[in-house]
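# Observations on the three-dimensional arrangement
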Amino acid sequence: MATVAASQSVGDLAVETPGAARVFEQMGIDFCCGGKKSLSEVCRDKGIELKVVLQAIADQTQKNSAEAPDRHWRREPMQSLMSHIVERHHQYVRSETPRIESWLVKCVAAHGAHHPELSQIQRTFAAMVSEMAQHMAKEELILFPAIARAEGGNGNASLAAPVRMMMTEHDDTGRALVEIRNFSGGKFAVPADGCSTYAALYRALDEFESDMRQHVHLENNILFPRALALDDGNSKP
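Here's a quick rundown of the structure. Counting of residues starts from 1 at the beginning of each chain's written sequence and follows it residue by residue. Residues qualify for local features only when their pLDDT is at least 70, as the model is predicted, and side-chain atom pairs are given and counted only at 80 or more; totals for whole chains, interfaces and linings, by contrast, use all residues. Each side-chain value is worked out from all heavy atoms of the structure, with water and hydrogens disregarded.

### Focus: the packing of helix 5 (residues 78-111) against helix 6 (residues 117-151)
For clarity, the cut-off: Interaxial angle, 0 to 180 degrees, is taken between N-to-C directions of lines fitted to C-alpha atoms, where a helix line uses only the stretch in contact. For helices the rule is a DSSP run of H or I covering at least 4 residues; for strands it is a run of E covering at least 2, with both sets numbered from the N terminus onward. Should an angle fall under 35 degrees it is taken as roughly parallel, and over 145 as roughly antiparallel, whereas 65 to 115 is taken as roughly perpendicular and any remaining angle as oblique. Handedness of each helix crossing follows the sense of rotation of the near helix against the far helix: counterclockwise by less than a right angle gives left-handed, clockwise gives right-handed. In this classification, Asp, Glu, Lys and Arg are treated as charged, Ala, Val, Leu, Ile, Met, Phe, Trp, Tyr, Cys and Pro as nonpolar, and every other residue, Gly included, as polar.
The geometry of helix 5 relative to helix 6 is characterised by a closest axis approach of 10 Å and an angle of 165° between their N-to-C directions. In terms of orientation, helix 5 lies roughly antiparallel with respect to helix 6. At the point where helix 5 passes helix 6, the crossing takes the left-handed sense. When its residues are assigned to classes, the contact of helix 5 with helix 6 shows 20 nonpolar, six polar and five charged.

### Concerning unusual backbone geometry
Even without glycine at this site, Phe188 takes up a positive phi of about 50°. Inspection of the secondary structure assignment puts Phe188 in the loop between helix 7 (160-183) and helix 8 (196-234).

### Some details on the side chain of Ser184
Threshold: When accessible area is computed with a 1.4 Å probe and restricted to protein chains, residues below 20% of their type maximum are described as buried, those above 50% as exposed, and intermediate ones as partly exposed. The contact criterion used is simple: two residues touch if any of their non-hydrogen atoms lie within 4.5 Å.
Here Ser184 shows up in the loop between helix 7 and helix 8. With a relative accessible area of 9%, Ser184 lands in the buried category. Those residues in contact with Ser184 that lie beyond four places of it in its chain are Ile121, Ala189 and Tyr202.

### Examining the pattern of salt bridges
Rules: A pairing counts as a salt bridge when a side-chain nitrogen of Lys or Arg comes within 4 Å of a carboxyl oxygen of Asp or Glu.
Within the structure shown, the criterion is met by eleven salt bridges. As a salt-bridge pair, Arg99 and Glu96 come within 2.4 Å of each other at their nearest N and O atoms. In this pair, Arg99 and Glu96 are both assigned in helix 5, three residues apart and thus about one turn of the helix distant. The exposure class assigned to Glu96 is buried, which follows from its relative accessible area of 11%. Here the salt bridges share partners, and the residues they tie into one network are Arg181, Asp206, Glu209 and Arg213.

Quick look at the structure:
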């Protein structure tokens, strides 16, 4: 079993240590946009005992040591990883967005007078997914093909600037997701007067955030570092 060091970044731990990503998800530890922070730093900031997190990781790793949360994407072809991101995560965003938006419309109409936070969630979600649609299109039409060319030894342009732009946009999405969660009271807890649609909405938003964490993790912590490692060798000045 791999030794987990408190000085390691949570992003690296999520990639390298089976079970770590699941534990971080359960404890609300951001391992995608905040993936560069060390485990000790994150625990201090969130007021979580380091030994509790370490034990949880050890328990989860032992429970399912054969299943790495990233499916060893660091060793598989980047083209396979990019296809997985598009087919699994981009498609998830595109399929879930209309459903969540329709529930938001219904909940704002039925409960908005007593729960103004619903309108705040609706506005933030709409702005976020509009930006995400453009972001995913840029990845699929420009960045991912450029990475595929670089992986094949045919890169003719630096990947640094577009990767940096995508990571900045990931940060923007992360902030929007935090705002949405905070508007809900931090836990997506349905109020006592909430209906079944209200409950379905909050469950969907929680799942959307969870999928986005894994989505950004695969790009920020695995795909982009691998692509940039090829950049110097394949790009022309």
